[in-house]
Structures are given as structure tokens and as C-alpha cells.
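# Observations on chain architecture
So the chains spell out like this:
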Amino acid sequence: MLKRYNINRDILTLSAILIIIPFFFQNDFYYEIAIVSLLNALICIGLNMLMGYAGQVSLGHGAFAGLGGYIAVILGSKYGITPLFSIFIAVVTMSLFAFIISKPILRLKGHYLAMATLGIGIIISIVLNVEDELTGGSDGMSVDSFTIFGYEFVDSLQWYMLCSFLLVFTIWMFSNLIDSPFGRVLRSIEGSEKAANSVGINVSHYKSIVFVISVVIATIAGSLYAFFSGFISPSEASFSHSIELVVMVVLGGLGRIYGAIIGAVILTILPQLLTSFEDYQTLIYGSIIIFVMIFMPKGIASVYEDVKGRLFASNK
Amino acid sequence: MLQINSVTKQFGGIKAVDDFTCRVKKGHIHSIIGPNGAGKTTLVNMITGVYRVDSGTIFLDGADITNISTDKLVYRGICRTFQNLEICGNLTVLENVLLGFDKYMDKGLLKSCFRAKSILDDEKRYTDRAKHLLGLIGLEDLADKKAENLSYGILKKLEIVRALGTSPELILLDEPVAGLNPKETQEISDLIRTVVADEVTIILVEHDMKMVMQVSDYITVMNFGKKLAEGTPDEIVNNQDVIRAYLGSGVVC
Amino acid sequence: MNEFLGFLLSGVTVGFIYALVGIGFTVIYNSSGIINFSQGEFVMAGGMSTVFLLKAGLPLGVSFILAIMITSMIGIVLYKLISFSKESSQISLIILTLGFAIFLRGLAEVVFDKELHTMPSFVGDSSFDMFGTTLTYQSILIMIVSIVIVTLLYFFFKKTKTGQAMMAASINVDAARLMGINIKKILMINFALSAAIAAIGGVLLTPITSTNYEVGIMLGLKGFAAAIIGGLSNPFGAVAGGLVLGILESLIAGYISSEYKDAVAFVALLAILFFMPGGIFGNTKAQRV
């Protein structure tokens, strides 16, 4: 049975962790990594909903996040619109964009769907590179500081708290959504589209909605990232960023909200840890992905559940 | 209730259903039988909007429903089950039944995110009703089991019960007992006769002759996409054309 | 007119390279249902290996053959990795091949380097005039080799026993297995073959565009677009797809905007996916409900 306020142990644990870890941060660099992890996790929650619950793979979400970020930044720098309002306009624009492209895209299945999102993503990234008068081209452009109703975000702790709050709040909404009749429809689409269709569910309508939601979240996270780092470049919208996001979701565990967070955190931290290996960085990164996909294709969260299941079984 | 007027469906050069006309009376269990490849499932797929009708019309209670999509037909009171089981294995048994009530439930996006009262109320009301339906087929105890862990026979029943959730006026059962053992077949026949037939009209596509003869009010026989014969079970058993059509496939009525 | 012909010919030259990458995609997709995202890295491996074997002092012909063998081995390694995987859901296999692509890029960084390399052409750098436009011997070579490969593939699939077994396996794996075809062996041959074709493309391309460890990313994606345009399951469709792409790209770069040259492949890809989901030669299969 659904509870009115769905404050469960998982969400409390996450909040506690988020509150405690800053005490272990030694300098701003730690904060930076943490904030990027949080923003990536945010995108992954939306992407996970699309991939894990609605069964639709997107290889273009990096580009959507990047484009959303660019829209917000350009509105601010060229037209002097306040950050919060420019993010809002970016969200509206990107949802419209996502809704329009979702119609032809979501008719496609499996590989073809993945390829269409890949194609759109790469086109976006090329446009951002070429239209340098607007975007600063491949060099990127600097971004004004972030304010909410005149309150300026300057130090890392403020950003950390903003992103943490956003993540916890989003997770809370999503767990509500996934456990609701709406969420059941999504899960049924993943289970059997024909079954869903046979009880009156307009499958493509729901796929569109989820696609739009995931793009909206990517836009918010992408814009915040631009404001946080004070800089935006087409690499945010690159194919490799899109791939990174998909790998995060799958590595963490498809269809598991907390899996997406684990994946995002690990894959954001990992390259930083690997920098000490210098030339071997890419090699090790690739090897780890291969290793995980061979030995735990259902992601890290599933391994955790397996272990937990065995522990409980042995207790009986 | 349902009027099918000379519908035709071609695949490539082959007419899977050829100028087929049929009338289904309200409250009847109307069976459609015929040898493999006679076009029965194609017909079901045309009625339920999965395939587009090449020519001809289909009327439900006087309203044209030709080529209306499956999900919209549910709101007109038509629901179906599948020859190849279509159950959401990733959901629990209860959730699969709840899916049947989906068309009545509030699914507003923001309301769902914030657990509005209407969402909680709907969920509670329809969970009770879904449990009641599960009770009818004796599956209350399995309500929280994942559907993928259950046997084929149980899932076949579950599919029918799920369809009942949509409160259909007309339900199309595409081979509901295919692949089941005699005991399970009997259970499904009982389910169809007692529970389903009380409230709804049924179109039954089935190969199991014993069952068809047992439950049907009226039977239409198809062969090569055309109507071969129709009548009450007694009339069909004694129809020479039907016997001839079936001799090849080895089924003796 | 001469200008047009020039664009056309350079388009055809690059188009054949896309075709070779595209064929590689279809060969693996047909037999295993896997989209291999490391196809572009096979091209890179072929080109880079040849460059470095040449630098090590080996003759051109030997380097070429060795590079193809090395790349085929890499293809077999990928197949082995895939067969180790515990689950075969599409998405985890996609990620596995993506990981392999990253791995190969990293390997190239370590074994070779991050510099841009070129190598001498097999047939010299000279060119000649034809139809009022300039044509290099290397372009001619690319066209001839590609046509030979496609022809050989055609006969391989139609006439040889192994080729027919591979076709059978692509149509129905279970039936083929029941007929006594060794599916594992077939799959392995497919991966090796696909890698070898990609490697040949890499070697042919290097004298024209030069190569580095990252060159595979774009090539792989464009080869993939070629495969989709041709219908994904048809190697010969991929050839047509590659040529269409190469020519379109060259004409648009020449007449409209060279900056948007790279976008052409993806716009074409989307157009095909949205309006002709089966590709220009593909057919849509009716599904049974």
C-alpha cells in the first residue's frame, strides 16, 4: 500500500551520507568532484527512468544536457536574463524540443532508437562547435555567476548543498512516481508493450512523457554545471559525454534509482583517481567497463542486492 | 453487438481474411474455430486494431470502430488476451491485475510525484478490487509474487482476469487454453462460463474442440480466410463442410 | 562541371571507406545481433599498426598483412569477451563494445602514441588527369580494392560452404545449430572477418587522411550510418549507403559548408530512420502478435 509521505530508510541514509561527507573534504577540489558527481547522478536518475523503466536507450543525453546548458548560458550572457529564469526558459525550450523529436524517435525500437538519439546528439554537438558567434565555438564561453533571487552562489559549500538538496528531492519525487499508477504503467511498458496496450495504455504517449522528463532533468543539471564551473564548451555535449552517462546508468544498475547514483559517483571519481596512471588512464578506464559488463552485467546495485539476499538467507 | 462486414486483410498476395462477415450477439460466447492458418488470429487483430483492415467495416453497437487502435478500443469496452502470453513478468501478480484498472486511475504527473490524495485513494480502491478478482481465481496468496516466477497455466488465467479489470463489454480470448493440461483447461472453461460470461460478451478463438463445444453459444468456422459455416455447437458438429475441412488436420469432433 | 566531377570522385573514394566500415558492422550484426561500437577502432588499429610496423623497418606488403592479422586477432578477442559475458541483454553488450573501443584507444595511446601519422601510398603519391579533374592513384586503389572485397564477399556468402553457413546462422541461429553448424566458430569467423575488412579500410585511408589513436570514433559512427542507410542487415546495402554518404558529404562540403560536413552522415541517418526504417534496400518484417 502507498504511504502518504514516502520517507523511507534509503532516502534518509542518502541524506545522512550527503551531510556527513563534507567533513572529510580537505579542499575545494573534493567539493568540485562531489558537485559534478551529484549533477551527473541527477542526469542519470532521469536517464535511468527512460532506460531502466521505460526500456528506451538514449545515446544523446550528454548532448541534451549540453544544449540545455548553452541555452541557459546564452540567455544570461546575451540577453541579461537572470540565471534562474534562463534555466526555466531552457527547460521549457528543451521540453518542447524533446517532445517534438520524441514522436518520430520513439517509434523506433532497440538499436535503431539508440542510433537516432546518437545521431541527434552528434548533430547538436557539431552545431555547438560550428556556430561560434553564439557559442564561442570549440573554445567554449565563460559563464556569469549563479544567483537565486539576488543571492549569489560563490563558495563550493553552497553549491554542494544546492545540488545535494536537488538530488534528494528529485529522488524522493521519483520514488513516489515509480510506485504510483503512473510508474506502474512505465514498468509495464518495459515488461510487455502489448500487455500495456491491451488494457488501454497509449504506450507512445508515456514514452514521450518519460523522454521529456529525462531531458528536462538533463537540462537542469547541464545548466547548473555550466553556472557552477563558470564555463561551458561543446565537450559537455559530446558523444563521449553521452556515452559516459549511459555507462553510469548501466554500471550502477538499470531500473534501480540508487544504482544510477552509485554509477555516477564511481565514474566521476574514477578518472580523477586514474590521472596518476597518466598514459594508462584510458586503457584502465576501458578495461574496468569491460570487466563490469562481463562479470556484473546487471550493474553494481544488483551485486549488492545479491549479497544482501544471501546474507539474509543465511540468517534464517 | 459486434458486426463484422466483409472485412479483408492481405499479406503480400495472400488473403489471410477474405470478405469475412459475422455478427456477434450480446451476451453470447461466440467461438471462432478453424484449421491453423484459417485467419482467426488475423481477424482478432483486425477487430482490436492491431492490423489495419484493407476493406470492410466493423461496428460495435452501431458505432464504427474500424481501425481504431487497441488502447482506444479499451475505452469503448473491448479488451483482449493474447495467443502468446503477454504478461508483465517484472510486475507482481497484483500489479498485473491492477494494470487492468489502469484506465480508471488518476495518473497526473505532478500528483504522482507528490502523492496527492486522489492517487492514494485510487490505488487503495482498485487494489481492493484487484484482490477481489484474484480471489475469484484463487490467487490471493500469490498476489505479491513476481509474475515471471509463476507457471504458464496461472499466467493464462491472470491474463483473463487482467482484461476483466477494464470492465469490458466485449472480450476477445485468443487461444486461452493452448498448451494447458486438461485440469487447467477445465479451470479456464469454468472461469469463462461463470465469471466472464455473466457480464460480458466473449469472442473465443480456440483449437480445443471439447472446450469450444462445452462453452460456446454460437460458433463460426473459418477456412482459408473465409467463413465456412456457422451455427450452434450441435449444428456445427453435424456440418459436412466442417468435418471435411477438419479431416486433414486430424481433429475429430 | 569538372569541379563537380572532382567532388564526386573524392566522395566515392571516402564513400568506399565508409562502406568497408559499414560492411564490418553488418557482418557482425547479422550473425550475432550485436552493434559493435568498436568497429571504428578496428579501422584505427589497422592503420596505426601498419604505420608502426613500417617504422620498425618491415616492408610495406608485410606490414599490411601483419596489420590485418593483428586486427583480426583483436576482433576475435572481442568475440571471446562477449561470449564470456553472463548476460546478453542488448544494452549491456552495447556498453561492452563501447568499453572495448575505449580500451583499444587507450591501448593505442600506450603501444603507439598520440601523434598524427601518415604513411606512403602503395602506388606512390602521383596523380593523373582524367575527365578534366585530378585523380590520385591511391583513390583508384581504394576503389579497386573495395570493389574486389565486395565481390569476394559476395562469392564467399553465396558459393562457399562456410559463407552459406554464416548466412544460415544469420537467418535462424537455432535452425542452423540443429543442422550441425558450429555457431561459435561461425561467430568467431564473423568477428575476425569484420575486423579484417575494417583494417583494410584503415590501411587504405591512412595515406589520404593520416591517422591517430582517435580516428576511429568518427569513422565508426559514419560507417554505422552507412550500414543503417543500407538496411543494417545487408552488407551490400552498406556499400551503397557508404557511397551515398561519401558523395553527399563531399558535395555539401564543396558547395554548401565544409564545417557541417560531418553532420551530413547523421542527418542522412535520421532521415532514413524516420522515413524508411528498413533502410533504402531493407524490408520491414511483419510481426506476429
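Owing to the predicted nature of the structure, the values given are computational and were not obtained by experimental measurement.

## Here we look at the sheet that holds strand β10 (residues 226-231) of chain B
Residues and elements named next belong to chain B. The strand order across the open sheet formed by six strands is β6-β7-β8-β3-β9-β10, and the pairing between neighbours is mixed. Edge positions in the sheet fall to β6 (78-80) and β10, since each of these pairs with one other strand and no more. Adjacent strand axes in the sheet meet at a mean angle of 20° when their direction is disregarded. Pairing of strand β3 (residues 29-33) with strand β9 (residues 218-223) involves four bridges; the strand directions are parallel. In the sheet register, I33 faces β9, and the bridge partner there is V221. Contacts between helix α6 (residues 152-165) and the sheet are confined to β6 and β7 (170-174), with β7 contributing the most and set at about 160° to the helix.

## Structural notes on the confidence of the model for chain C
Looking at chain C as a whole, its pLDDT mean stands at 85, while 93% of the residues score no less than 70. When the criterion is pLDDT under 50, residues 283-289 of chain C qualifies, and its contacts beyond four places in sequence or with other chains add up to 14 contacts.

## Structural notes on the nonpolar core
Across soluble globular proteins, you tend to see nonpolar side chains buried next to one another. Core analysis: the largest hydrophobic core is formed by 200 residues, its most contacted members being L59(A), M115(A), L118(A), W159(A), I23(C) and F37(C). The element contributing the most residues to this core is helix α2 (residues 28-53) of chain A, with 16 residues. Apart from residues no more than four positions distant in its own chain, M115(A) is found in contact with L59(A), I35(C), F37(C), F224(C), I228(C), L269(C) and L273(C). Formed by 38 residues, the second largest nonpolar core is a distinct cluster that contains V161(B), L164(B), I188(B) and L204(B).

## Topic: the state of the cysteines
The full count for this structure, using the stated rule, is zero disulfides over all chains. No disulfide involves C113(B); its nearest neighbouring cysteine sulfur is the one of C44(A), lying 18 Å away.

## With respect to a nonpolar patch on the surface
A contiguous nonpolar patch, built from I17(A), I19(A), I20(A), I21(A), F23(A) and F24(A) and spanning about 650 Å² of accessible area, is present on the exposed surface. Relative to the helices and strands, F23(A) is located in the loop between α1 (9-20) and α2.

## So, the interface of chain A and chain C
Taken together, the 42 residues of chain A in the interface contact 44 residues of chain C. Together, the buried faces of chain A and chain C total about 3800 Å²; carbon and sulfur atoms form 80% of this surface. Three residues stand out in chain A for area buried against chain C, namely H111(A), Y112(A) and I294(A), and they jointly supply 18% of the buried area on that side. Linking chain A to chain C there are three residue pairs in polar contact (both at pLDDT 80 or more). Of all elements in the fold, only α4 (83-105), α5 (110-130), α11 (239-252) and α13 (281-295) of chain A reach the threshold of two or more residues within the side of chain A that touches chain C. At 13 residues, α5(A) tops the list of elements feeding residues into the side of chain A that touches chain C. Broken down by class, the residue content of the side of chain A that touches chain C amounts to 31 nonpolar, six polar and five charged.

## Here we look at the packing of α5(A) against helix α9 (residues 216-229) of chain C
One way to put it is that α5(A) packs onto α9(C) with a least axis distance of 12 Å and a crossing angle of 130°. On the basis of their axis angle, the class for α5(A) and α9(C) is oblique. Pair α5(A) / α9(C) crosses with left-handed handedness. Between α5(A) and α9(C), the contacting residues are Y112(A), M115(A), L118(A) and I122(A) on the first element and M218(C), L221(C), F224(C) and I228(C) on the second. Grouping the amino acids of the contact of α5(A) with α9(C) by side-chain chemistry returns eight nonpolar, no polar and no charged.

## Comments concerning the side chain of E206(B)
Residues and elements named next belong to chain B. Structurally, E206 can be placed in the loop between β8 (201-205) and α8 (209-215). For E206, which is buried and forms no salt bridge, the nearest opposite charge comes from K156, at a distance of 6.9 Å. A distance of 3.1 Å separates a polar atom in the side chain of E206 from the backbone nitrogen of V177. Within the structure, E206 has its side chain in polar contact with the backbone nitrogen of D208 (distance 3.2 Å). Setting aside anything within four residues of it in sequence, one finds E206 in contact with I32, I33, E175, P176, V177, A178, M211 and V212.

## Here we look at the packing of aromatic side chains
Summed over the entire model, instances satisfying the criterion amount to 31 aromatic pairs over all chains. Seen in terms of ring centroids, Y151(A) and F153(A) are 5.5 Å apart; in terms of plane orientation they differ by 85°. Their pairing is edge-to-face. Its relative accessible area of 48% is what places Y151(A) among the partly exposed residues. Relative to Y255(C), the ring of F7(C) lies with its centre 5.1 Å away and its plane at 80°, an arrangement referred to as edge-to-face. Pair noted here: F7(C) is in helix α1 (residues 2-32) and Y255(C) is in helix α10 (residues 235-255), with a separation of 248 residues, a long-range link.

What counts and what doesn't
- Residues numbered from 1 in each chain as written.
- Chains lettered and ligands numbered in written order.
- Predicted model: local features only at pLDDT ≥ 70, side-chain atom pairs only at ≥ 80, totals over all residues.
- Heavy atoms only, no water.
- Pairing = 2+ DSSP bridges.
- Helix = DSSP H or I, 4+ residues; strand = E, 2+ residues; numbered from the N terminus.
- Axes fitted to C-alpha atoms, helices over the stretch in contact; angles between N-to-C directions.
- Contact = heavy atoms within 4.5 Å.
- pLDDT = per-residue confidence, 0-100.
- Core = buried A, V, L, I, M, F, W, Y, C linked by side-chain atoms within 4.5 Å.
- Buried < 20%, exposed > 50% of the residue type's maximum accessible area, 1.4 Å probe, protein only.
- Disulfide = S-S within 2.5 Å.
- Patch = residues over 30% accessible without salt bridge, like charges linked within 9 Å, V, L, I, M, F, W, Y side chains within 5 Å.
- Areas by Shrake-Rupley, 256 points an atom, 1.4 Å probe, with all protein chains shown as cover.
- Salt bridge = Lys/Arg side-chain N within 4 Å of Asp/Glu carboxyl O.
- Buried area = accessible area lost by both parts, 1.4 Å probe.
- Polar contact = N/O pair within 3.5 Å; in protein donor to acceptor, adjacent residues only side chain to side chain.
- Nonpolar A, V, L, I, M, F, W, Y, C, P; charged D, E, K, R; others polar.
- Parallel < 35°, antiparallel > 145°, perpendicular 65-115°, else oblique.
- Left-handed = near helix turned anticlockwise from the far one by under 90°.
- Lys, Arg positive; Asp, Glu negative; His and termini not counted.
- Phe/Tyr/Trp six-rings, centres within 6.5 Å; stacked < 30°, edge-to-face > 60°.

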